Amino acid sequence: VDVVEVTEMVARSCEKRGLHEDAVKLYDLAKNHEKVMSLLNKLLAQVVHLATPSSSSTATAGAGSDRERVLELACTIGLRYRAQGHTASQQSASTLHLLLDLATVFDLYHAQRYHDTIEALLEDGVASNGAPVWPLLYYCVRAGGVREAAAAASENSSPAVVEIVGFLQQCSRSEDSRVSPEGEKRLRVSYKRSCKSMRDPFKRALYCLLGRCDVMEDHSDIITTTDDYLWLKLSLVDPSTESEGAVPATPTLGGGGSSVTKQQDVLSLASLQKLLYKQYGETHFNAYEQPLLYTTVLLLTGQFEAAIEFLRRSDRYLHHAVHIAAALYTCGVLCLPRSIAAPLLSRESDEPECCMRLNISRLVLLYTRRFEASNPNEALHYCFLLSDTMTLLRLGLDSTTPALQCLTCTTLSDTMTLLRLGLDSTTPALTLQLTVSVLYRVIRRLHLIALDRSEVEARVSGLVGVASEVKEVIPALLLAAITATHHIYTSSSSSPSSSTPSVGDASSTQHLRQQARAIVTFAGMIPLRLHADINARLVQLEALIN
């Protein structure tokens, strides 16, 4: 007798009769992990947003309620699967842990612990100034303040924080502001061991940055701008490798896979250039609508020739393209073709795919042709720049240093220096920003509802790929978000001495108004039918705030 087959048969019978909890346990015995996750998600979606009986009093909370029983079952199985592994799909597993996180948020919300609701998904406590430790550490590093980051969290005794602070101190003492190779190996091991249990996106990002690991991960929870994305990727570049195999075959900006091989978990400058120029390209960056953005992306990743060639296509920016080319040529970082008859942008067959060569002679002559008759003196100055270039090209020589060779030595220190924000003079403002933003930071990392008007369309579109079990929770989550926003708004308005995030800061009050409007706008655009009471409450609280 096949015990597994018999167990599955009984589990299917229980499922058909509506005994879902019994079915979950039987499917678990039969090691049908996908079915276990699927049924748990359906059970959680029905109860996750409900308040526990007498939620205001933990002493009388109904431990035997349906909600508590389902949560206990889901937590037990979820933790065991996380530790021992499972065969369920990534989507089912992610949905389960997302619903469990939402249960924590709603428990705190129903208990009117609004600030605890916000911080429920933040790990390892706070820094010495009271700010959440991982966001503070991340933003200090993002601003170039490695030493300041280490000092800010020196009193936190959490093992993970102590480990990261030690490596930050090592970075501040090293000449290249990087962790030693041995340290990177330790960080990679720590990250691989605990990455699945890291709820805080800032914590994951710091481990990846310092250990230069999981390079395909885009950390889209916190990396929301092109500037941040470029900083992240340039910080992960390993100058010691010339491998071009670290780019995913189908790249996405919405989060990478952590199941890459050890050999793949390396990012070279060449592979980053290929990703941005060849795989994403002009279409992804909407280059013709935002020409300066795309040009900046190419320039910051060392693709000077491609950046100049693209910029010169616009009559409006042709003169800028010529002047940038002249400056870079003078500095000796432009790659020139071996033949004066080469196209404006070309590549030698024996060179890497992203190593382009710019025919600066063609570019300058194209530009000066516009005014050489009316202003020959001006044109002569530009043409003088080409005197040595044309001589060298005729001889078939190349006197320049390739851009790839120049930028291969880019380090985390270089990246941080370019993006330094003067942390010494802005630490109080940075702390205030972290406190104000913590309200929507947790819910934003769930990628479910819009908390800013600029996010509305993206969040509405993103609901298409969300599991149906999670969609059932959206109405309650909207109500929780608008209620918490209203509570913090009224607290900041009525009590100037309160410790709420927006106290004494008009810009924060305005932000809360915009946040409330974004929530209501998002609620009106999503393809879900909201109950009339929820719609009325959303509109009422938004009106009170604005």
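The structure presented is a predicted model; accordingly, all values stated were derived computationally and were not measured. Sequence order as written defines the numbering, with residues in each chain counted from 1. The model is predicted, so local features are restricted to residues of pLDDT at least 70 and side-chain atom pairs to those at 80 or more, both for listing and for counting; the totals for chains, interfaces and linings are taken over all residues. Excluding hydrogens and water, the side-chain figures rest on all heavy atoms present in the structure.

## Comments concerning the overall build of the protein chain
Strands are runs of DSSP state E lasting at least two residues, helices are runs of H or I lasting at least four, and both sets are numbered from the N terminus onward. Tallying secondary structure elements over the protein chain gives 27 helices and two strands in all. When burial is assessed residue by residue, the protein chain has 51% of its 546 residues classed as buried. Counting only contacts in the protein chain whose residues sit at least 6 apart along the sequence, the fraction spanning at least 24 positions is 65%. Total accessible area on the protein chain is roughly 26200 Å²; 53% of this is exposed by carbon and sulfur atoms. We call a residue buried when its accessible area falls under 20% of the maximum for its residue type, exposed when it is over 50%, and partly exposed in between, using a 1.4 Å probe and counting protein chains only. When checking whether two residues touch, look at their non-hydrogen atoms; a contact exists if any pair is within 4.5 Å. The protein chains shown are the only cover counted for residues, whose accessible areas, like all others here, come from Shrake-Rupley with a 1.4 Å probe.

## Description of the pattern of salt bridges
For this analysis, a salt bridge means a side-chain nitrogen from Lys or Arg found within 4 Å of a carboxyl oxygen belonging to Asp or Glu. With the rule as written, the count across this model stands at 20 salt bridges. For arginine 142, the salt bridge identified is with aspartate 228, shortest N-O distance 2.7 Å. With a gap of 86 residues between them, arginine 142 in helix 7 (residues 133-142) and aspartate 228 in helix 12 (residues 226-236) connect regions that are remote in the sequence. There is no split in this pair, since arginine 142 and aspartate 228 are both buried. One salt bridge connects glutamate 309 with arginine 313, and the closest N-O pair in it is separated by 2.9 Å. For arginine 313, a relative accessible area of 34% gives the class partly exposed.

## What about helix 16 (residues 318-331)?
Under the convention used throughout, the expected extent of a helix is 1.5 Å for every residue step, that is, one less than its residue count. Taking 1.5 Å as the rise per residue, helix 16 with 14 residues should run 20 Å; its terminal C-alpha atoms sit 20 Å apart, in good agreement. All of the buried residues along helix 16 are Leu318, Ala321, Val322, Ala325, Leu328 and Tyr329. Take helix 16 and look down its axis: the buried residues cluster within an arc of 135°, on one side only. More than 90 degrees from the buried face of helix 16, the exposed residues found are Thr330 and Cys331. Of the residues one or two after helix 16, glycine 332 is the one with positive phi, at around 80°. Arc definition: directions from the helix axis to the C-beta atoms.

## Some remarks on the nonpolar core
Counting 64 residues, the largest nonpolar core has Trp134, Leu137, Tyr138 and Leu168 as its most contacted members. Of all the elements, helix 7 adds the most residues to this core, at eight residues. In terms of nonpolar packing, the next biggest core, distinct from the first, is built from 61 residues, Leu96, Ile488, Ala516 and Phe522 among them. Joining through side-chain atoms within 4.5 Å is the link that ties buried Ala, Val, Leu, Ile, Met, Phe, Trp, Tyr and Cys residues into a set, and such a set is a nonpolar core.

## Quick look at helix 14 (residues 291-300)
Looking only at helix 14, the buried set comprises Pro291, Tyr294, Thr295, Val297 and Leu298. End-on view of helix 14: buried residues confined to an arc of 155°, all on one side of the axis. On its buried face, helix 14 is in contact with helix 12, helix 13 (269-284) and helix 15 (304-311). In the segment just after helix 14, glycine 302 is the residue with positive phi, at about 80°.

## Description of the confidence of the model for the protein chain
Looking at the protein chain, pLDDT values average 77 and 77% of them are 70 or higher. pLDDT is defined as a per-residue confidence score from the predictor, taking values between 0 and 100. Helix 15 holds the highest mean pLDDT among the elements of the protein chain, 96, whereas helix 20 (residues 403-407) holds the lowest, 28. Scored below 50 in pLDDT, residues 390-439 shows 92 contacts in the model against residues more than four places distant or in partner chains. Ignoring residues within four places in sequence, the model shows residues 497-507, a span with pLDDT below 50, making 20 contacts including any to other chains.

## Thoughts on unusual backbone geometry
Non-glycine residue lysine 31 carries a positive phi angle of around 60°. Position of lysine 31 among the secondary structure elements: in the loop between helix 2 (20-29) and helix 3 (33-47).

## Focus: the packing of helix 7 against helix 9 (residues 159-173)
Axes, fitted as lines to C-alpha atoms, cover a helix only where it is in contact. Angles between the N-to-C directions of the axes lie from 0 to 180 degrees. Two elements in contact, helix 7 and helix 9, have axes separated by 12 Å at closest approach and are oriented at 15°. As far as their axial angle goes, helix 9 and helix 7 are roughly parallel. Two packed elements cross with a definite hand, and for helix 7 against helix 9 that hand is left-handed. Residues Val133, Trp134, Leu137 and Val141 of helix 7 form the contact with helix 9, whose own contacting residues are Ala160, Val161, Ile164 and Leu168. When grouped by side-chain class, the residues that make up the contact of helix 7 with helix 9 number eight nonpolar, no polar and no charged. Any angle between 65 and 115 degrees counts as roughly perpendicular, while under 35 counts as roughly parallel, over 145 as roughly antiparallel, and the rest as oblique. Definitions for this section: a left-handed crossing has its near helix turned counterclockwise from the far helix by less than a right angle. A right-handed crossing has that turn clockwise. By the convention adopted, Pro, Cys, Tyr, Trp, Phe, Met, Ile, Leu, Val and Ala count as nonpolar, Lys, Arg, Asp and Glu as charged, and the other residues, Gly among them, as polar.

## Quick notes on the packing of aromatic side chains
Two rings belonging to Phe, Tyr or Trp (six-membered ring only in the last case) form a pair when the distance between their centres is within 6.5 Å. Interplanar angles under 30 degrees mark stacking, angles over 60 mark edge-to-face geometry, and anything in between is tilted. Counted by the stated rule, this structure contains twelve aromatic pairs. Relative to phenylalanine 285, the ring of tyrosine 280 has its centre 6.4 Å away and its plane inclined at 80°; by these criteria the two rings are edge-to-face. A centroid spacing of 5.0 Å and a plane angle of 85° characterise the contact between tyrosine 294 and phenylalanine 310, whose relative ring orientation is edge-to-face. Of this pair, tyrosine 294 sits in helix 14 while phenylalanine 310 is found in helix 15, placing the two residues 16 residues apart along the sequence. Phenylalanine 310 shares its class with tyrosine 294; the two are buried. Taken together, the ring pairs in this structure connect Tyr280, Phe285, Tyr288, Tyr294 and Phe310 into an aromatic cluster.

## Some details on the side chain of glutamate 305
Summarising the element assignment, glutamate 305 is placed in helix 15. Think of it this way: Lys and Arg go in the positive column, Asp and Glu in the negative one, and His and the chain ends go nowhere. Despite its burial, glutamate 305 remains without a salt bridge, the nearest opposite charge being carried by arginine 357 at 8.2 Å. A distance of 2.8 Å separates the side chain of glutamate 305 from the backbone nitrogen of cysteine 335, its partner in a polar contact. We define a polar contact as two N or O atoms separated by no more than 3.5 Å, with the added condition that, inside protein, one atom must be a possible hydrogen donor and the other a possible acceptor, whereas residues neighbouring each other in sequence contribute only through side-chain atom pairs.

## Brief notes about a nonpolar patch on the surface
Together, Val6, Met9 and Val10 make up a nonpolar patch on the protein surface, roughly 240 Å² of accessible area in all. You can call valine 6 partly exposed: its relative accessible area is 36%. Within this analysis, patches are made of residues with over 30% relative accessible area and no salt bridge. Like charges are joined at 9 Å or less; nonpolar side chains (Val, Leu, Ile, Met, Phe, Trp, Tyr) at 5 Å or less.

## Comments concerning the environment of alanine 74
Here alanine 74 shows up in helix 4 (residues 66-84). When the C-alpha positions of alanine 74 and leucine 96 are compared, they lie 7.9 Å apart, and in sequence the two are 22 residues distant. Ignoring anything within four residues of it in the chain, the contact list for alanine 74 reads Leu40, Leu44, Leu96 and Leu100.

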